[in-house]
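Observations on the model geometry
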Amino acid sequence: MASDKPRKAGIITSGGDAPGMNAAIRAITRVALRHEMAVVGFYRGYTGIVNEDYVDLDRKSVANIVQRGGTILRSARCKEFMTPEGRDKAAENLRKLGVDVLFVIGGDGSLRGAAALRDHWDGQLIGLPGTIDNDLAGTDYTIGYFTALDTALHAIDKVRDTADAFERIFLVEVMGRMAGFIALGVGIGCGAEEVLLPERPVDLRELIGRIQDSRAMGKTSCLIVVAEGVVHRGVRSLDDRITIHDSTMLAKEIQKETGLDSRAVILGHIQRGGNPAALDRILASSLGAYAVEVALEGATGVMVGVKSQARCTVPLEETWTKHSSLDEYLLKIQRLLA
Ligand code: F6P
């Protein structure tokens, strides 16, 4: 595209959908149109590029979506695009359509896809952090994270009621892949007695010791937030004979040892749905607009993000090669508060 300003933008939402993706689509579209770019939205992430499945977007087509969860462009994880042949096909289609800049809204898999496309296509590639997991380096927050926290918290507040009524132990499994951002945020927000994170080793015997201590101190119920990454990695059973990969089994193991009624709740995909929270709408809108601005300045191969309240860009590769760490202070205070 040499040094000319981009004249046509493409947008995809890819991978796990996240509340706020629509607000980002709207912001990109409206700001790009202001700068006299044409805009197309491809359906189902990279699949839409490979299969030439797209829609022209104008101001009206993105009206009334800032508040809607999901994504009007749909989302998917495209197997074909994971092959060099698939990416060649995508590149060919982007050239055919005259797309100069592609905006990729998604998590690390989607941004890896964008980086891989650079070997096949010389248009501009700009990523936007769209995932509830908040696990991308180069940004303090990802689009969808705040809503996922709220959704999980509303559900857990209800679990707390029944846990209190029955004086039970409840394990609540939250999403986040191999990162504990959702679990830690939710654990602080709901006042969980325990938060099990993939970033920290889990020793079942120690955990049970703490549960028993808190009973001895007069606590009658116990909420344990479990990051899904913990069960994916597995927790050694008390007799050290098996690795437990299931929150329900983990609850049974705790019940067997403590004699206390224990249950597991897996929150699952409800964490991905719902109207975006205020902060996700604002983050998505500002990053959408900013993504277009940096594209106009010629940026490519970067993700836009926000660090200490300032918008920034970060090379795509850094979003998954660099480590994004949990808030040490929250880690420190979690048990003090419980
Ligand atoms: O990355 C977002 C996410 O919701 C993760 O938290 C979760 O592990 C994964 O996607 C679930 O993916 P799927 O919808 O394919 O089951």
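Given the structure is predicted, the values throughout are model-derived calculations rather than measurements. (Residues numbered from 1 in each chain as written. Predicted model: local features only at pLDDT ≥ 70, side-chain atom pairs only at ≥ 80, totals over all residues. Heavy atoms only, no water.)

What about the site of the ligand?
All residues in the neighbourhood of the ligand are listed as Arg77, Thr131, Ile132, Asp133, Met175, Gly176, Arg177, Glu228, His269 and Arg272. The side chain of arginine 177 places a nitrogen or oxygen atom 3.4 Å from an oxygen atom of the ligand. At 2.9 Å from an oxygen atom of the ligand is found a side-chain nitrogen or oxygen belonging to histidine 269. Across the complex, the protein chains shield 76% of the 400 Å² of accessible surface that the ligand would expose by itself. Residues of the shell around the ligand, tallied by class, amount to 2 nonpolar, 3 polar and 5 charged. (Near = heavy atom within 4 Å. Polar contact = N/O pair within 3.5 Å; in protein donor to acceptor, adjacent residues only side chain to side chain. Areas by Shrake-Rupley, 256 points an atom, 1.4 Å probe, with all protein chains shown as cover. Nonpolar A, V, L, I, M, F, W, Y, C, P; charged D, E, K, R; others polar.)

Here's the deal with the environment of glutamate 228
Assignment of secondary structure puts glutamate 228 in helix H8 (residues 228-233). Residues glutamate 228 and valine 265, spaced 37 residues apart in sequence, show a C-alpha to C-alpha distance of 12 Å. Setting aside its immediate chain neighbours within four residues, glutamate 228 contacts Glu173, Val174, Met175, Gly176 and Arg177. Engagement of the side chain of glutamate 228 in a polar contact is seen with the backbone nitrogen of glycine 176, the distance being 3.1 Å. (Helix = DSSP H or I, 4+ residues; strand = E, 2+ residues; numbered from the N terminus. Contact = heavy atoms within 4.5 Å.)

A look at the domain arrangement of the protein chain
Domain annotation for the protein chain reports domain 1 (8-144 + 276-321) and domain 2 (145-272). Put simply, the middle of domain 1 and the middle of domain 2, counted by C-alpha atoms, are 34 Å apart. The partner domain 2 presents 13 residues to the 17 residues of domain 1 that form the contact. Buried surface at the junction of domain 1 and domain 2, both sides included, amounts to about 1300 Å², of which 57% is carbon and sulfur. For the domain 1 face of the interface with domain 2, the top three residues by lost area are Ile132, Asp133 and Asn134, together amounting to 38%. Along the contact surface separating domain 1 from domain 2 lie 2 salt bridges. In this structure, arginine 272 engages aspartate 17 in a salt bridge whose closest nitrogen and oxygen atoms are separated by 3.1 Å. Inspection of the region where domain 1 meets domain 2 yields 8 residue pairs in polar contact (both at pLDDT 80 or more). Considering only residue class, the side of domain 1 that touches domain 2 consists of 7 nonpolar, 5 polar and 5 charged. (Domains from an automatic or database assignment. Buried area = accessible area lost by both parts, 1.4 Å probe. Salt bridge = Lys/Arg side-chain N within 4 Å of Asp/Glu carboxyl O.)

Remarks on helix H1 (residues 21-34)
Taking 1.5 Å of rise per residue, the 14 residues of H1 would be expected to cover 20 Å, and the 20 Å separating its terminal C-alpha atoms lies within 8% of that figure. With 11 of its 14 residues buried, H1 lies for the most part within the structure. Within H1, burial applies to Met21, Asn22, Ala23, Ala24, Ile25, Ala27, Ile28, Thr29, Arg30, Val31 and Ala32. Lining the buried residues of H1 we find strand S1 (8-13), strand S2 (38-42), strand S3 (54-57), strand S4 (101-106), strand S5 (124-129) and helix H10 (278-296). (Expected span 1.5 Å × (residues − 1). Buried < 20%, exposed > 50% of the residue type's maximum accessible area, 1.4 Å probe, protein only.)

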